[in-house]
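# Summary of the model geometry
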Amino acid sequence: MQEAEVRAKLRAFITKELIRNASYPLDDAEGVCSSGLIDSFALAEIGVFAEQEFGVYIPDPDLTVAKMDTLNLMVARILRDNR
Amino acid sequence: MSAMPGWKWLTDGGYTWGFLARVLGKALALFVLLNLAFVLADPVPALGRVSLYNGLLAGRERLPYGEDPAAYNLSLFDLNAMFASHTLAGPRPDARRVIVLGDSSVWGVLLENRDTLPACLTEQLPGTRFYNVGYPTMSALKDLLLLEAALAYQPDAIMWLVTLESLPRERQLDAPIVANNPARVRPLIERFGLGFDPLDPRFVETDFIGRTLIGQRRALADWLRLQAYGVAWTHTGIDQVYGEYTPRSNDFDEDATWQGLNPDATLNDDILALDVLRAGASLTGQARVPLLLVNEPIFIADGQNSDVRYNFWYPRWSYDQYRALLGDAAAAEGWPYADLWDAVAPAEFTDSPVHLTPAGSRALCEAVVPFVAAIQEEADAGS
Amino acid sequence: MDFPQIGILLAAAALYVLFLPARWRPTFLMVGSVVGLFWLQPTLPVRWLDYTLPALTLVIVALCWRLTLAPDARVTRADWLALALTAGIAALLLLPRYIELPPALEITSRPPPAEITIPLVAGLSIAGMLLARLASGTRRGLLAGVFVLAGLFVLLKFSPLTTTLAGLARSTTGQDAALASPVDLGWLGFSYIAFRLIHTLRDRQTGILPALGFRDYLSYVIFTPALVAGPIDRAENHGAAVAGLAEARLRDPARITTALGRIAVGLFKKFVIADTLAIFSLGPLTASQADGAGATWVLLYAYAFRLFFDFSGYTDIAIGIGLLFGVQLPENFDRPYLKQNLTIFWQSWHKSLSDWGRFYIYSPLSRALLKRKPKPGNYVIIFSATAATFIVIGLWHGITLPFLLWGAWHALGLFAHKLWTDRTRAWYRGLSDGRRRAWHVVGTLLTFHFVALGWVWFALPDIGQGLRVFAALFGIGGGA
C-alpha cells in the first residue's frame with residue numbers, strides 16, 4: 001500500500017463523506033476533529049473505512065481526537081501495521 | 001512527568017528545591033504569624049458579627065441550638081454569631097419589641113416556631129413583636145448572660161420565664177454556653193457580686209494555644225457551618241427535627257429528695273441563685289427597660305406518689321418553698337411577677353415537666369397576656 | 001478516603017521517595033496496593049466479608065491477568081513471585097484473628113479463620129487459573145471474562161439481587177438473613193476495578209494490550225490512590241509509568257511541588273467547598289423541605305457544584321498522590337461547567353469514564369452497525385450507540401430507574417446536540433467572532449442548566465420525587 005494512495009483515498013473520504021464538501025481544501029496537518037469539522041462519530045466511520053478500504057483494523061481506543069486529529073496522523077496510523 | 005492539561009498555573013513554575021523550601025518555609029512562617037496575629041487580634045468575636053443572616057438569608061426565629069445536622073442547626077458558644085443570626089439583629093419593625101428569655105420551653109423544644117410562646121404573643125398583641133431568646137439549658141445565669149447581650153438591641157421590655165430547675169446555685173455553671181463564655185460571665189459575677197467563684201474549674205479557660213488559629217478552628221468552623229445551615233434554614237424553614245418522644249412520667253418512686261436535700265431542708269440564697277434574678281432586674285432597671293418575671297407552668301402529675309411529687313423534677317415540698325420564696329422576693333423588690341405554675345393542663349405537656357404542646361403553649365400565652373399588657377401600660381405611663 | 005487516610009498515604013509516599021531503592025518501587029506499588037485494598041475496605045455488617053471481598057478482588061484480578069496474557073507470553077518466575085507475594089500478604093492479613101496486634105496494624109478487623117480461607121482461596125485460584133490458562137487469549141475466553149464481570153456487576157448493583165446475595169452471605173455466616181441489605185456487599189472500588197479489567201480483556205482481544213507482568217497488572221487495577229473514586233487509568237499508561245520507575249527521578253522538586261499543590265487544591269475543593277455545599281444541597285430530605293421554586297434552584301445549584309468540587313477535588317488528591325509515587329493518573333475533569341455544549345461537557349466531566357464508554361461501547365457499536373448490510377441510517381446508528389453508551393454509564397452508578405433516566409437524559413441531550421450541530425455547522429463557522437462569543441455564552445449557560453437538571457435524577461433515588469422537584473423548579477404545583 002502506497003502512502004500517497006492511502007492519503008488520497010482518505011482525503012477524498014473525509015471531504016466528500018464526512019465534511020460533505022468535496023472541494024474543501026483539507027490541509028495535511030489540519031486538526032479536523034479539534035476544529036469541529038468532524039465529530040467522534042466520524043472517527044468511527046474512519047475506522048470502518050480503514051478496515052474496508054485498506055484492511056487495517058484500528059482498535060477503538062486508538063480512534064481518539066488526540067491520535068487521529070490530522071490527515072497525517074491518520075495516514076501514519078493506517079500504515080503503521082503494514083510495514 | 002507529562003503535562004497536566006488545565007493546570008498550567010501549577011506546573012509551569014520551574015520549581016527547584018530552593019523554591020519548594022521557600023514555599024514551605026514561608027507557609028510555615030505565615031502559619032506561625034497568622035496564629036500569633038490570631039492571638040493578638042482575637043478576631044472571632046468580630047467575625048461573629050459578620051453574618052449572612054438578616055440580609056442574604058432569613059434571620060432565625062430562635063437562637064441556634066442543636067446537634068442534628070438534619071435540623072440545619074448547631075450549638076455554638078459565640079454569642080455574637082448567635083445573635084447576629086437571629087431576627088432580633090434584623091431590621092427594626094415598626095412595633096414595640098419585647099425579648100422573651102427562658103429555657104427550652106421558651107425556645108420551643110418539640111414546637112414549631114409558629115407555636116412558641118413569643119410567636120403566640122406577637123399574634124395576640126398587635127403592635128408588639130416578641131423575640132424568642134430562650135435557650136435550652138436550665139440555668140438562670142445563662143439567661144442573665146443572654147439578657148445582657150440582648151439589651152444591646154434596645155428592646156422595649158423583657159419577659160423572663162424561670163422555674164426551680166434553673167435556679168440551683170451548684171448547677172448554674174453546668175450550662176456549656178456559660179462555662180465557655182468566662183469573658184462575659186466573670187464581669188457579671190463581679191459587677192453584681194453574684195455568689196459564684198470566678199475561678200470555678202468549670203469555666204473553660206483558653207490558654208495561649210487555644211487562642212491561636214489552630215485553637216480557634218472549632219469556633220471558625222462553627223461560624224462557617226452556621227452560615228451554611230442558614231441557606232437550608234432560609235429555604236426550608238426547618239431548625240429542629242421533631243421525632244418521637246417519651247412522654248413525661250406521671251408515676252414516681254417514693255423519693256422526696258431534691259438536689260440531694262431532704263424534705264426538712266429550707267431553701268435559701270445559698271441553695272437557689274436568686275441573686276441572678278436580682279442582677280437581671282438591676283440590669284434592666286439601669287437600662288430603663290421593664291422586666292416581667294414569670295414562674296413558668298409545670299406538669300402536675302396525678303399518678304403514683306403524686307402526693308409526694310408534682311413531677312419528675314420536683315418534690316412538692318421543694319417546689320412549694322421555691323414558689324413562696326420567688327413570690328416574696330418579687331413582692332419585696334417590686335418586680336412585676338406572674339406566677340403561672342398551674343396555668344397549663346397536665347395533658348398539654350410533652351417530654352419534660354416544662355415542655356408544652358402547641359395547645360399548652362397557647363394556654364400559657366393567653367394567661368400571660370394580661371400581665372404583659374399591664375407592664376406595657378406602666379412603661380407607657382412612665383415614659 | 002478521609003483526612004487521616006490521606007495523611008497516611010502522604011507519609012507512605014515520603015518514605016517511598018526518600019528511602020526506597022529505586023528498583024524496588026514497582027514491587028512496593030503492588031505490595032502497597034494489596035495492603036491498601038484491605039485497608040480501605042470499610043467494615044461490613046456481614047462477618048468476614050470485609051476480608052473476603054478484597055481477597056476475591058485479588059483472585060479475580062489474577063484470573064483476568066491469566067486470561068489477558070499475550071499468546072506468546074509465559075508465566076515467568078517474576079510472575080510466580082508476585083503471585084506468591086500477594087497470597088502471602090493476604091494470608092498475613094488473617095493474623096489479627098489469632099494474635100492481638102496494635103490498632104495501627106489492624107488493617108483487617110475480623111478476618112475469617114485461616115483453615116477455611118486458605119484452602120478456599122487457593123482452590124478457587126488454582127481452578128480459575130487452569131481454566132484461564134485453557135481460555136487464555138481466545139476470543140471466547142475473553143468474552144466469557146467480560147460477561148462474568150458484567151454479571152458480577154449486576155449482582156452487586158441491582159439491589160433486589162444484591163439483597164438476595166447478601167441474604168445468602170448472612171446465612172452462610174449464621175447471621176439473620178432477614179436483615180440483609182445491599183449495604184452488606186459494599187465492595188470497595190469494584191465498579192472501577194471491573195471497568196479496568198474489562199478494558200484489559202477487550203484490549204487483549206483487539207491486540208493492543210501491552211504485555212504486563214502480574215505485578216504491574218495488579219498494581220494497575222487496584223492502585224490505591226485511584227481505588228475509591230478513580231480515575232480509570234489505562235493499562236498502557238500505568239505499565240509505561242511503572243516500567244520507568246527504576247530510572248524515574250522522584251526526588252524532583254518540580255514533581256513534588258506540583259503534586260503537593262495538586263493535593264492542597266483537592267483538599268480545599270473536597271473538604272472546604274464541597275462539604276460546606278453538602279449542608280444545603282439537593283437530596284431526598286432537602287427536596288421535600290424546600291419551599292418554592294427559588295429554594296429548589298438554590299439546592300440544585302448547590303448540588304451541582306458540590307458534586308463537581310467533591311469529585312474533582314478527590315481526583316486532584318488521587319493524581320497528586322499518584323504523582324508522588326511516580327504514576328501520573330489521567331485527568332478526569334477539565335472545567336466541565338464552562339463548556340459550550342453537551343458533547344464537550346462529556347469530554348471534560350469524568351473523562352476517564354466517558355472515554356471508557358466511547359472505547360468499549362460507543363465506538364465498537366457504531367462500527368458494527370456501520371458494517372451491517374444494509375447499513376442503517378447514520379442517525380439511527382448514532383442514536384443507538386449514544387443511548388447504549390449513556391445507559392451503561394448511568395447504570396454503572398447503580399442499576400436503578402433514576403440512574404437509567406439520568407443516562408437517557410444525557411443520551412437524548414447529546415443526540416439533540418448532534419442534530420443541531422449537523423444543521424448549524426456551516427452557519428456557525430460563518431459567524432463573526434463577536435457573534436460566536438455570544439453563542440458561546442448562551443451555549444454554556446444552556447449546557448450547565450441541562451446538566452444541572454439532569455442531576456435531579458442523579459440526586460434523588462425516587463422518580464416521583466424527581467418529577468415533583470422538576471415541577472417545583474418551574475413553579476408548578478406544591479412542594480417536592
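## Let's talk about the overall build of chain C
Counting its regular elements, chain C contains 19 helices and 0 strands. Relative to the 2.2 N^0.38 estimate, which gives 23 Å for 480 residues, the radius of gyration of chain C is 24 Å and therefore close to what a compact globule would have. Principal-axis analysis of the C-alpha atoms gives chain C an extent of 65 × 50 × 50 Å. When burial is assessed residue by residue, chain C has 52% of its 480 residues classed as buried. By sequence separation, contacts in chain C at least 24 residues apart represent 73% of the contacts at least 6 residues apart. In the structure as shown, chain C presents an accessible area of about 20,500 Å², 69% of it carried by carbon and sulfur atoms. Each charge class in chain C was averaged separately, 42 positive and 25 negative side chains, and the resulting centres sit 10 Å apart.

## Description of helix H11 (residues 253–277) of chain C
Across its 25 residues, H11 of chain C extends 34 Å between first and last C-alpha, which sits within 8% of the 36 Å expected from 1.5 Å per residue. In H11 of chain C, a bend of some 25° at Lys269 of chain C exceeds every other bend along the element.

## Concerning the pattern of salt bridges
Residues and elements named next belong to chain C. Taken as a whole and assessed by the stated rule, the structure comprises 41 salt bridges over all chains. For Arg234, the salt bridge is made with Asp203, and the minimal N-O distance between the two is 2.7 Å. You can see Arg234 sitting in the loop between helix H9 (214–221) and helix H10 (235–243) and its partner Asp203 sitting in helix H8 (residues 190–205), a full 31 residues away along the chain. Residue Arg234 shares its accessibility class with Asp203, and that shared class is buried.

## Some words on the pairing of strand E1 (residues 96–101) of chain B
All names here are of chain B. The element E1 is extensively covered by neighbouring structure, given that 5 of its 6 residues are classed as buried. Where E1 lies against strand E2 (residues 128–132), 5 bridges are found, and the strand directions are parallel. Considered in E2, the bridge of Arg96 is made with Thr128. Pairing of E1 with strand E3 (residues 157–162), which is carried by 4 bridges, proceeds in the parallel orientation. Bridge pairing links Ile99 to Ile158 in E3.

## Comments concerning the layout of surface pockets
Here the largest pocket defines a volume of roughly 1,400 Å³. Lining the largest pocket are 45 residues, and of these Asn341, Thr343, Ile344, His417 and Thr421 of chain C sit closest to its centre. Residue assignment for the lining of the largest pocket shows that the elements contributing at least two residues are helix H2 (40–54) of chain A together with helix H14 (342–346), helix H15 (351–371), helix H16 (378–396), helix H17 (401–429) and helix H18 (433–459) of chain C. Counting residues per element, the lining of the largest pocket draws most heavily on H17 of chain C, at 13 residues. Across the lining of the largest pocket, the residue classes tally to 20 nonpolar, 19 polar and 6 charged.

## Things to note about the packing of H16 of chain C against H17 of chain C
All names here are of chain C. Where H16 meets H17, the axes come as close as 8 Å, and the angle between the chain directions of the two elements is 150°. By the angle between their axes, H16 is roughly antiparallel relative to H17. Once H16 is placed against H17, the crossing between them reads as right-handed. Broken down by class, the residue content of the contact of H16 with H17 amounts to 16 nonpolar, 4 polar and 3 charged.

## Describing the packing of helix H7 (residues 140–151) of chain B against helix H9 (residues 182–192) of chain B
Packed helix pairs are characterised by how far apart their axes lie and by the angle those axes make with each other. All names here are of chain B. The N-to-C vectors of H7 and H9 enclose an angle of 100°; their axes lie 10 Å apart at closest approach. Considered as vectors, H7 and H9 are oriented roughly perpendicular to each other. Together, Leu141, Leu144, Leu145, Glu148 and Ala149 of H7 and Arg184, Val185, Leu188 and Arg191 of H9 make up the contact between the two elements. Tallied by class, the residues present in the contact of H7 with H9 amount to 6 nonpolar, no polar and 3 charged.

## A closer look at the state of the cysteines
Residues and elements named next belong to chain B. The full count for this structure, using the stated rule, is 1 disulfide over all chains. Shown here is the disulfide that connects Cys120 with Cys365, its sulfur atoms set 2.2 Å apart. Given an S-S torsion of about -90°, the disulfide between Cys120 and Cys365 has left-handed geometry. Highlighted residues: Cys120 in helix H6 (residues 117–124) and Cys365 in helix H14 (residues 358–382), separated in sequence by 245 residues.

## Thoughts on a nonpolar patch on the surface
Residues and elements named next belong to chain B. A surface patch of nonpolar side chains, amounting to about 740 Å² of accessible area, comprises Leu28, Phe31, Val32, Leu33, Leu36, Phe208, Ile209 and Ile214. It is helix H2 (residues 17–41) that contributes the most residues to the nonpolar patch, 5 residues altogether. The topology assignment puts Ile209 in helix H10 (residues 208–211).

## Points about the domain arrangement of chain C
Residue and element names in this part refer to chain C. In terms of domains, chain C is made up of domain 1 (3–243) and domain 2 (271–473). Measuring from the centre of the C-alpha atoms in domain 1 to the corresponding centre in domain 2 gives 30 Å. Roughly 2,800 Å² is buried in total at the junction of domain 1 and domain 2, and carbon and sulfur atoms are behind 76% of that figure. On the surface where domain 1 and domain 2 come into contact, there are 0 salt bridges. Contributing elements (two or more residues each) for the side of domain 1 that touches domain 2: helix H1 (3–19), helix H2 (25–40), helix H6 (139–157), H8 and H10. Class assignment for the residues of the side of domain 1 that touches domain 2 results in 24 nonpolar, 5 polar and 5 charged.

## Description of the interface of chain A and chain C
Taken residue by residue, the interface counts 22 residues in chain A and 21 residues in chain C. Across the interface of chain A and chain C, roughly 1,900 Å² is buried in total on both sides, 54% from carbon and sulfur atoms. Linking chain A to chain C there are 6 salt bridges. Between Arg425 of chain C and Asp39 of chain A there is a salt bridge, with its nearest N and O atoms 3.9 Å apart. Across the chain A-chain C interface, the total number found is 7 residue pairs in polar contact (both at pLDDT 80 or more). Residue composition of the side of chain A that touches chain C, by class: 10 nonpolar, 6 polar and 6 charged.

## Description of empty space enclosed by the protein
All names here are of chain B. A complete count under the given rule lists 2 cavities of 30 Å³ or more for this structure. Each pocket or cavity is described by its volume, and for the largest cavity that value is around 70 Å³. Every residue along the wall of the largest cavity is listed here: Ser105, Val106, Leu111, Leu117, Leu161, Glu296, Pro297, Val354, Leu356, Ser361 and Leu364. Those elements that place two or more of their residues in the lining of the largest cavity are helix H5 (104–107) and H14.

## Details of the packing of aromatic side chains
For the structure shown, the criterion picks out 58 aromatic pairs over all chains. Over the face of the ring belonging to Phe196 of chain B we find Arg169 of chain B, whose NZ or CZ atom lies 5.4 Å from the ring centre. Here Arg47 of chain C stacks its cationic end above the ring of Trp48 of chain C, 5.0 Å away from the centre of that ring.

## Looking at the nonpolar core
Nonpolar side chains in soluble globular proteins generally cluster together in the buried interior. One finds Trp160 of chain B together with Trp455 of chain C to be the most contacted residues of the largest nonpolar core, which totals 221 residues. Counting residues per element, this core draws most heavily on helix H13 (residues 293–325) of chain C, which supplies 19 residues. For this core, the two domains that each supply at least three residues are domain 1 (3–243) and domain 2 (271–473) of chain C. If we ignore the near neighbours within four places in the chain, the residues touching Trp455 of chain C are Leu300, Tyr303, Ala304, Leu307, Tyr337, Trp349 and Trp406 of chain C.

The rules behind these values
- Residues numbered from 1 in each chain as written.
- Chains lettered and ligands numbered in written order.
- Predicted model: local features only at pLDDT ≥ 70, side-chain atom pairs only at ≥ 80, totals over all residues.
- Heavy atoms only, no water.
- Helix = DSSP H or I, 4+ residues; strand = E, 2+ residues; numbered from the N terminus.
- Rg over C-alpha atoms; globule rule 2.2 N^0.38 Å.
- Buried < 20%, exposed > 50% of the residue type's maximum accessible area, 1.4 Å probe, protein only.
- Contact = heavy atoms within 4.5 Å.
- Areas by Shrake-Rupley, 256 points an atom, 1.4 Å probe, with all protein chains shown as cover.
- Lys, Arg positive; Asp, Glu negative; His and termini not counted.
- Charge placed at Lys NZ, Arg CZ, Asp CG, Glu CD.
- Expected span 1.5 Å × (residues − 1).
- Bend = angle between axes of the 7 residues up to and from the residue.
- Salt bridge = Lys/Arg side-chain N within 4 Å of Asp/Glu carboxyl O.
- Pairing = 2+ DSSP bridges.
- 1 Å grid on protein atoms, 1.4 Å probe; cavity = no way out; pocket = protein on both sides within 12 Å on 5 of 7 lines; lining within 4 Å.
- Points joined across faces, edges and corners; volume = space filled by probe spheres on them.
- Nonpolar A, V, L, I, M, F, W, Y, C, P; charged D, E, K, R; others polar.
- Axes fitted to C-alpha atoms, helices over the stretch in contact; angles between N-to-C directions.
- Parallel < 35°, antiparallel > 145°, perpendicular 65-115°, else oblique.
- Left-handed = near helix turned anticlockwise from the far one by under 90°.
- Disulfide = S-S within 2.5 Å.
- Patch = residues over 30% accessible without salt bridge, like charges linked within 9 Å, V, L, I, M, F, W, Y side chains within 5 Å.
- Domains from an automatic or database assignment.
- Buried area = accessible area lost by both parts, 1.4 Å probe.
- Polar contact = N/O pair within 3.5 Å; in protein donor to acceptor, adjacent residues only side chain to side chain.
- Phe/Tyr/Trp six-rings, centres within 6.5 Å; stacked < 30°, edge-to-face > 60°.
- Lys NZ or Arg CZ within 6 Å of the ring centre and 35° of its normal.
- Core = buried A, V, L, I, M, F, W, Y, C linked by side-chain atoms within 4.5 Å.

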